Each structure stands twice: as structure tokens, then as C-alpha cells.
Amino acid sequence: MKIANKGLKIVLMSSLLAVPALAGCNNDSSEKTTSDKPKETATVEKDNGVKTIAESLQKSLQNLTAAIDKNDKVEIEKLGKELNSEWLKKENGIRETFPLLYTEVEKYMQPLYIGATGGAPDQKKLQELAGQLDASLTKLASAKETEEKTSDILNQAVGQYEKYVNEEITALVASTKLFTDAVRAKDVEKAKQYYIESRVHYERVEPVAESFGDLDPKIDAREGDVDEAEWGGFHKIEKALWMNEPLEPMAAVADQLDANILELEKQVKELKLRPTTVVAGAMELINEAAISKITGEEERYSHVDLMDLAANVEGSQAVYFAILPALNENNRELGNKLDAQFTVLTDTLQQYKKNGQYVLYTELTKDQVRDISQKLAVLAELMGQTAKILQ
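These numbers were taken from a predicted model, which means no experiment stands behind them.

Conventions we followed
Residues numbered from 1 in each chain as written. Predicted model: local features only at pLDDT ≥ 70, side-chain atom pairs only at ≥ 80, totals over all residues. Heavy atoms only, no water. Salt bridge = Lys/Arg side-chain N within 4 Å of Asp/Glu carboxyl O. Helix = DSSP H or I, 4+ residues; strand = E, 2+ residues; numbered from the N terminus. Buried < 20%, exposed > 50% of the residue type's maximum accessible area, 1.4 Å probe, protein only. Core = buried A, V, L, I, M, F, W, Y, C linked by side-chain atoms within 4.5 Å. Contact = heavy atoms within 4.5 Å. 1 Å grid on protein atoms, 1.4 Å probe; cavity = no way out; pocket = protein on both sides within 12 Å on 5 of 7 lines; lining within 4 Å. Points joined across faces, edges and corners; volume = space filled by probe spheres on them. Nonpolar A, V, L, I, M, F, W, Y, C, P; charged D, E, K, R; others polar. Axes fitted to C-alpha atoms, helices over the stretch in contact; angles between N-to-C directions. Parallel < 35°, antiparallel > 145°, perpendicular 65-115°, else oblique. Left-handed = near helix turned anticlockwise from the far one by under 90°.

**Student:** Any chance you could explain the pattern of salt bridges here in plain terms?
**Tutor:** Opposite charge on two side chains lets them pair, provided their charged atoms get close. One pass over the full model with this rule turns up 24 salt bridges. A salt bridge links arginine 199 to glutamate 298, with the nearest nitrogen and oxygen atoms 3.0 Å apart. One end of the pair, arginine 199, is in helix α8 (residues 188-204); the other, glutamate 298, is in the loop between α13 (275-291) and α14 (305-330), with 99 residues separating them in the sequence. In terms of burial, arginine 199 and glutamate 298 fall into one category: buried. Put simply, arginine 222 and glutamate 298 hold a salt bridge, and the shortest N to O gap is 3.4 Å. Residue arginine 222 is located in the loop between α10 (215-220) and α11 (234-242), and its partner glutamate 298 is located in the loop between α13 and α14; the two are separated by 76 residues in the primary sequence. A relative accessible area of 1% places arginine 222 in the buried class. What you see here is one network of salt bridges that share partners, running through Arg199, Glu203, Asp220, Arg222, Asp225, Glu297, Glu298, Glu299 and Asp308.

Structure, rendered in C-alpha cells:
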């Protein structure tokens, strides 16, 4: 929860959510939109059809895995794009018929594609993702359509989202410890590296973190959000690192950040989520990204705002996966629009990567910032519509 400028955010939110019609007309022709997704696969031919699709994807994945094992960067990028393109041609029917298995495949397909095409492939990470994707495709190949009620499937899916949150929190604890250890050791370069890594995990689960009262401000408050005497957490250390301030006073801040992150982990593991709570958190996350993070005010000193924003989109997409069964039954068209808009945003953000890292916010032009903001506003409006389905 960001405390400052709350009234301003409400005003800006109203104006941004009025943008969808304009933003929809403003998409660059090179980007994937709903109309770009092949229409010949609107329905999967039940069990045999899905098995054929899964096995075809596994063959393509085997070729990509071989390139990863050889660390052939040119082939990795080429085959990564081909695998993603094949998935986009076939995913619609999977999403409608086997929503939970679809979300599991997408969970690994998207980061594999991003990692393969980001300009600096991490061989070990790509090998891990390829193995996980292969296991998911094996499950998909043997899938049988069920007659489960939407409410039952939705509860299972929310359980999967809880698993996603717990995995991210575990990663957050580990990466934050690396960050704070580097701060205490006064190793500036390592601290900057681990700052970015830990921020990714935090931003993905920020809606959940914000549900625990004053814990989020203790971890994530920006300068001016709270009284100077109470200010601590990530951004206080960020300022010291990027403004070349002495790191000795940051040791105590690092200690307190560790304690707060561990407390967050404890509370998250005790949390039971409901579909409506999950969606409300995703809406807040995207709204905040569209209103404040796109202005560059979140990462004032490091300027890694695009990394924050991409993590917010990833966290919201995990929510979309959780509610997909209900969308399939009650508003399939909305589900298709959400899927297309997540693709648009992912592809747009990919354009701003160099050597596997997002460019600094200060390198963006005003037109580029406006374009990203409009696309976020479209996504925020669509996520807002899902709330009505779950009421």
C-alpha cells in the first residue's frame, strides 16, 4: 500500500480507465492482438486432439532443449520464438477445455520464451524451465475432460495461486538475504544486483503483501510515504546504493528488512485466499502500475521501474490463471481479451530489454511511456470486469 498521493491516484485512475477505446486503436500493427491469434483452433478435438497438440509441442521443445544444452544463443532465440508461435496457434482450445492444465503449461512457457529471446540466455535457468514445461506437456497429453463444477475448479485454481504466492515468497526470502548480506558487507555491485532480483519477487506478490496492515510500508515505503524517522525497507537502501551514500548506517536497515520479510513469509503461509480477494488484489496491482509506477516514482534512484512493472503484470497474470475456469463458463470472450492483452503487454515490455535486462526508465521517451500506460489501462479495465463474474 502506497500511502502518499492517494487522492491523486483516485483521480488519475478515473482518467486512465477511460482510455481503453483510445489504447485499443493505438496498438502498433507489429504487435499480437486478439485478431492475430489463429481462429482455426477455437475448439480442441477432446482427448485425441489435445494429445496430438501436446506431443507436437514436446517435439519442438526437444529441439529447443538441445540448443540450450549446446548454449547456442542464435538457435535458442530462433527455436524459442518458434515454440511460442506454435503455442499461440494452439492455446485457445486448451484454455477453454483444460483451463487448469493450460495455466500450468503457460506458467513455464512464457518465462521460457522470455528467457530464450531476451538477448542473454541463462542456460541453467532455461534448462530448468524446459524440464518443467516438458512435465506439464506430458500431463496435458494424458488429460481427460471433466465435468467438475466451476466452483470446484475455481477453488482448485485459487489453491494453485496460493502455491504460486508461496513459491514467490520463498524466493523473496532467499534473494532478500543475499541482498542484505551484500549491504552489510558493503559490496555495492552485488547489493545492486540482488536488489533487482529481490524486487521482482516482491512485486509479483505485492497485493498479498499489502493485505497485512503496516507490513508493506515497512518493507516498500518510498521516501515521503512515511515519517523520515520511521522510513526503512528496500527503498531506503536503494537510495543509499544509487546515491553513493555510506552503507554503514544501512546495516541496521538491512537487519530490519530481513525481519519484516520473514514476518511476511509467516503471515502469507497462514493466509487463505478467496477468488474475489485475489481479483481485487490484481486490479489494485495493475491500477498502481498504470498510475504511479509508469511515472518512474517507484524506483527513484535505480530507475528499474520497468522491471517492477513487468513483475506486476506477471503477478496479475497468475491471478488471471486462477479465475480462468469461471471466465470460461461465464464470459469466454472476456477471457480471450485478457489473454490477448497480457500477450500485448508482455511483447511490448520485451522490446525494452537489452542483454536480458530492462532498460532504465530514464531511457524511455514520453511516447513510449504513454503507450505502455495506455496498454496497462486496457488491462486494468478488463480485470475490473472479472470482479462482476465472481460476485
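There's more to say after this.
**Student:** Would you mind showing me how to read the environment of serine 211 here?
**Tutor:** Along the chain, serine 211 turns up in the loop between α9 (206-209) and α10. When the C-alpha positions of serine 211 and leucine 271 are compared, they lie 10.0 Å apart, and in sequence the two are 60 residues distant.

**Student:** Which parts of the structure should I look at to understand the nonpolar core?
**Tutor:** Nonpolar side chains tend toward joint burial in soluble globular proteins. Counting residues in hydrophobic clusters, the biggest one holds 102 residues, and the most contacted among them are Tyr161, Phe179 and Leu264. Among the elements that line this core, the one with the most residues is α14, at 14 residues. Not counting the four nearest positions on each side in its chain, tyrosine 161 is found in contact with Val208, Leu273, Val278, Gly315, Ala318, Val319 and Ala322.

**Student:** What am I meant to see in empty space enclosed by the protein here?
**Tutor:** Once rolled over the atoms, a probe with the size of a water molecule shows which space is left empty. Here the structure, examined in full by the defined rule, presents 2 cavities of 30 Å³ or more. By volume, the largest cavity amounts to about 110 Å³. The wall of the largest cavity is formed by 12 residues, among which Asn84, Leu88, Gln110, Tyr113 and Thr343 lie closest to the centre. For the lining of the largest cavity, the secondary structure elements donating two or more residues are α4 (73-97), α5 (99-117) and α15 (332-350). Tallied by class, residues from the lining of the largest cavity come to 4 nonpolar, 5 polar and 3 charged. As a volume, the second largest cavity reaches approximately 70 Å³. Lining the second largest cavity are Gln110, Ile114, Ala310, Val313, Glu314, Gln317, Thr346, Leu349, Gln350 and Tyr358.

**Student:** What am I meant to see in the packing of α8 against α11 here?
**Tutor:** To characterise two packed helices, one gives the angle between the axes of the helices and the distance between these axes. Two elements in contact, α8 and α11, have axes separated by 11 Å at closest approach and are oriented at 150°. As the angle between them shows, α8 and α11 are arranged roughly antiparallel. For the element pair α8 and α11, the recorded crossing hand is left-handed. For the pair formed by α8 and α11, the contact residues are Val188, Ala191, Lys192, Tyr195, Ser198, Arg199 and Tyr202 on the first element and Phe234, His235, Glu238, Leu241 and Trp242 on the second. For the contact of α8 with α11, the residue count by class is 7 nonpolar, 2 polar and 3 charged.

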